[in-house]
Amino acid sequence: MVTAVEYGNNSWELSIQVDQREGDEGMKFKLRVKGDLHIGGLMLKLVEKIKAPQDWSDHAIWWEQKNCWLLKTHWTLDKYGVQADADLRYTPQHKPLCLQLPNMKNIILPVSFSGVVFRAVAEICKALNIRRSEELSLLKPPDDQKKKKKKNEKGTGSGVDEILNMDITSGMAGGALGLYSKTMTPTYDPDSGLPANATSMWFGESPLTVCQPNLPPEELAKLYKTLTQEEKAAINAGWLDSSRSLMEQGIQENDRLLLRFKYHCFFDLNPKYDAVRITQLYEQARWAILLEEIDCTEEEMLMFASLQYHICKLTLSAEPLTQSNEPEIDEVEAALSNLEFTLEGRNAEKILEDITDIPKLEDTLKLFRPKRLTLKPFKEYWFVFRDTNISYYKNKDSANKEPIEQLHLRGCEVIPDVNVTERKFGLKLLLPVADGMNEVYIRCENETQYARWKAACILASKGKTMAYSSYRTEVKKIQSFLQMKSLAPPPGQAAPDVASMEMNAECFVSPRYTKKYKPKQLTVRILDGHHNISQLSLMEAKMRFIQAWQSLPEFGIKYYIVRFRGIKKDEILGISYNRMIRIDMSSGLPVTTWRFANMKQWKVNWEIRQVEFEFDQNVSVAFSCQSCDCKVVHEYIGGYIFLSTRSKDQNETLDEELFHKLTGGQE
């Protein structure tokens, strides 16, 4: 009963639902409050009324109607705008969340539902011992209506679901959680790079550093689904907003989210400290290859299969080669070999080129320019590569005269056209012009020539010359990649013994190839390729797999459906770590490429939800997003700009404020 005194002093009743521990029923309380009562005082008043001996330190107030947390405990009810009709919940900030890791295994972790996703992912990665948490984020699982319907009809999940969910209730979840307590700071073993207090489950290693066995072909076939660029765009719309909390984005307790490497620029990837990170990267790459989420040739598929077979063989061996008995890596050598992607033109190269002595390439190559209703007759010319341009002449003697044509490679797309088995070493260059992209095909004679010219083209596309120190590294990387792709056994090597492969070869390739080849044919080809990598250690094989994945033309490109300003039809926009690609939706071919290195500024017009860019040479681009909110694209581009500011000189503490400035926007 409200007294007259209480009624007259501007107080009012406020209802608050209290969420208890899991298994306990919630309670509802009514408190008499005033508008000048601060949130901290409200929580104190509520706990005193509950009279339950329990630690309430993790609880906070959630406002259901406004979809927000009331975390500023010094703010008053009036300042927040809370009135008598408010529906408040006093609920734990940390709740269990089902996370599917990149290796497709699921674990349950207590995750902060009140902090922004950027911070929540950092906490998750700390618990799992994954460095560089800024490269990962959380993705909503794609809705598969057919699968849901089938599941409802049968009443139970498919065998695939059971396999992928095994670790939810098994020791893996407990093991992962057992790595750290909430109050314990992880300590690292200097030799293995693993937490010194990690629990031993497989061969004395953390469970997250062990590669998962490949699925049987019939189970893999259930997961396999060819995706169009439009369908890939729909999946990319599911990335959570890093500047808002899980609760604010409709995520509930025990919901399932995917933990994935979102930004494909893996900084300071070091086998000495990144056992978990490298294994999970390998697993994400492996699934992308097996499910054909990224395009690769048949030869590349078999190369990836050989690497998978080698990794499985070492993982299952009685005495696997772990980090402790890996050969010691010299710090300088590790720094040179680590494959790091940074945004060009922004803290990318510390060594300046000598402009007085820029190297050049000169060779006889074959060239073809496609025209309608013609075959591909390649014609020989004398090519000269200098600075960031290719000039070609009728022959070597004509090199002192005007070239037939000069190709400007800055901003171009470099696409490999290679088949090592057939001795085909070609490059497809998409050169930017005012009305789109011009195609040029170049054919090399051998691996060495191809590696040198491709490396030069890649650097030139980024506005760099062969004087940069990364040129030699790029050449070696391409040569190593070609060697792995060679499926022919070394000279004098006996034919592989098919019976020696105790694993099902069909497990290592996408379902498309199991329909094309018999198991014995696949086994022979995988064993042929295995000869080239059989001496690799387990960690080296994983690193080679990741590097080969990074070498694919489609690597790291996320697709979105957009509508450019002044255009009435939808188009595809591909965004990578260093460029944006405008793609024709009907043909799937690139139309124009814009490099971030040439970008002056970008902004979002939040009123009309339009993203706008300004590049060098007064090039202006603007589009609205059709497959997702423009905030998703804005954050993706801003995230790459943020990652480009990282430096080895810095400690691993991230400038979270800068991240939110670049990705959050002002709505």
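Numbering of residues begins from 1 in every chain and follows the order in which that chain's sequence is written. Residues qualify for local features only when their pLDDT is at least 70, as the model is predicted, and side-chain atom pairs are given and counted only at 80 or more; totals for whole chains, interfaces and linings, by contrast, use all residues. Heavy atoms from the whole structure form the basis of all side-chain values; hydrogens and water molecules are not counted.

### A few points about the pairing of strand E17 (residues 558–564)
E17 sits mainly inside the fold: 6 of its 7 residues count as buried. Two strands are said to pair when DSSP picks up at least two bridges between them. Strands are runs of DSSP state E lasting at least 2 residues, helices are runs of H or I lasting at least 4, and numbering of each runs from the N terminus. Taking the residues between adjacent antiparallel strands as the criterion, E17 and strand E18 (residues 571–575) are bridged by 6 residues, where Gly566 takes a positive phi near 85°. Here E17 runs beside strand E23 (residues 619–625); their pairing, made up of 3 bridges, is antiparallel. Looking across to E23, one finds that Val562 is bridged to Cys625. We call a residue buried when its accessible area falls under 20% of the maximum for its residue type, exposed when it is over 50%, and partly exposed in between, using a 1.4 Å probe and counting protein chains only.

### Digging into helix H11 (residues 298–316)
Helix length check: H11, at 19 residues, gives a terminal C-alpha distance of 27 Å against a target of 27 Å (1.5 Å per residue), a fit within 8%. For H11, the buried fraction is high: 17 of the 19 residues fall into the buried class. Under the convention used throughout, the expected extent of a helix is 1.5 Å for every residue step, that is, one less than its residue count.

### Topic: the environment of Phe545
Within the secondary structure, Phe545 is located in helix H17 (residues 538–550). Here the alpha-carbon distance between Phe545 and Tyr282, two residues 263 residues apart in the chain, equals 6.8 Å. The contact criterion used is simple: two residues touch if any of their non-hydrogen atoms lie within 4.5 Å. Discounting chain neighbours no more than four positions away, the residues touching Phe545 are Tyr282, Ala285, Arg286, Ile289, Phe304, Leu307 and Gln308.

### As for the sheet that holds strand E22 (residues 610–615)
With antiparallel pairing, the 7 strands of this open sheet are ordered in space as E20-E19-E18-E17-E23-E22-E21. Two strands bound the open sheet, and with one partner strand each, they are strand E20 (590–595) and strand E21 (599–605). Neighbour-to-neighbour, the strand axes of this sheet turn through a mean angle of 30°, independent of strand direction. The pairing of E21 with E22 spans 6 bridges and is antiparallel. Among the inter-strand pairings, Val604 is bridged to a residue of E22, identified as Val611. Lying on the sheet, helix H18 (residues 630–643) is in contact with E17, E18, strand E19 (579–583), E21, E22 and E23; it crosses E21 at an angle near 150°. The angle between two axes is taken between their N-to-C directions and runs from 0 to 180 degrees, where each axis is a line fitted to C-alpha atoms and a helix contributes only its stretch in contact.

### Considering the sheet that holds strand E7 (residues 106–112)
The 4 strands are arranged E7-E6-E9-E8 in an open sheet whose pairing can be described as mixed. With one partner strand each, in any of the chains shown, E7 and strand E8 (136–139) form the two edges of the open sheet. Recorded for the sheet is a direction-independent mean angle of 40° between the axes of neighbouring strands. Note: strand E6 (residues 94–100) against strand E9 (residues 256–261), 3 bridges, orientation parallel. Of the residues in E9, the one forming a bridge with Leu99 is Leu257.

### Brief notes about the packing of aromatic side chains
Classification of ring pairs uses Phe, Tyr and Trp, with its six-membered ring standing for Trp, and accepts pairs whose centres are within 6.5 Å; under 30 degrees between planes counts as stacked, over 60 as edge-to-face, and the remaining range as tilted. As enumerated under the stated definition, the model contains 28 aromatic pairs in all. For the pair Phe385 and Trp453, a centre-to-centre distance of 5.8 Å together with 65° between the ring planes defines the contact as edge-to-face. Note that Phe385 is positioned in strand E11 (residues 379–386) and Trp453 in helix H13 (residues 447–461), a separation of 68 residues in sequence. Note on Phe385: relative accessible area 0%, which makes it buried. Both rings, one in Phe613 and one in Phe623, keep their centres 5.8 Å apart while their planes meet at 25°; by these two values the pair is stacked.

### Things to note about the confidence of the model for the chain
When pLDDT is averaged along the chain, the result is 81; 78% of the residues meet or exceed 70. In predicted models, pLDDT denotes the confidence assigned by the predictor to each residue on a 0 to 100 scale. Confidence drops under a pLDDT of 50 for residues 145–204, and excluding neighbours within four residues, the segment shows 93 contacts in the predicted structure. Under a pLDDT of 50 for its full length, residues 320–325 has, in the predicted model, 14 contacts with residues more than four places off or in other chains.

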